[in-house]
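Read off the chains here:
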Amino acid sequence: MKSDERFFDLADSTGCSDNPLARFIGALREGASRVRVKAKQSVLPQQLAMLLAEKYGYELRFSGSVGEVYEALLVKKSQS
């Protein structure tokens, strides 16, 4: 398993010329060990984050929210 951590700030996402949501999903597909994300509900709803975590084998931990913006940590589940 990779020991890397990635961070994605989807709270300031304004356009799709550099699609951070696609890069976030790509990190999950690649199997990064830890992925931190800061996102707006309108860009990455918490329910969608939970579904993506489940699909790619991550445990999702929400660390807080302010208004529409929340932060979460996704940790790759061990393959036991």
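The model shown is predicted, which means the values in this text are computed figures rather than measured ones.

### What to know about the pattern of salt bridges
Argument step 1. Following the criterion strictly, the structure yields five salt bridges and no others.
Argument step 2. When the shortest N-O distance is used, the salt bridge between arginine 34 and glutamate 5 registers 2.9 Å. One end of the pair, arginine 34, is in strand E2 (residues 34-40); the other, glutamate 5, is in strand E1 (residues 5-10), with 29 residues separating them in the sequence.
Argument step 3. A salt bridge links glutamate 30 to arginine 6; the nearest nitrogen and oxygen atoms lie 2.9 Å apart.

### Quick notes on helix H2 (residues 46-55)
Argument step 1. Among the residues of H2, those classed as buried are Ala49, Leu52 and Ala53. One side of H2 holds all its buried residues, which, seen down the axis, span an arc of 100°. Across from the buried face of H2, at angles greater than 90 degrees, the exposed residues are Gln47, Leu51, Glu54 and Lys55.
Argument step 2. Where the residues of H2 are buried, they touch helix H1 (20-30), strand E3 (58-66) and strand E4 (69-76).
Argument step 3. Looking one or two residues beyond H2, the residue adopting positive phi is glycine 57, at roughly 80°.

Rules of the game
- Residues numbered from 1 in each chain as written.
- Predicted model: local features only at pLDDT ≥ 70, side-chain atom pairs only at ≥ 80, totals over all residues.
- Heavy atoms only, no water.
- Salt bridge = Lys/Arg side-chain N within 4 Å of Asp/Glu carboxyl O.
- Helix = DSSP H or I, 4+ residues; strand = E, 2+ residues; numbered from the N terminus.
- Buried < 20%, exposed > 50% of the residue type's maximum accessible area, 1.4 Å probe, protein only.
- Arc of directions from axis to C-beta.
- Contact = heavy atoms within 4.5 Å.

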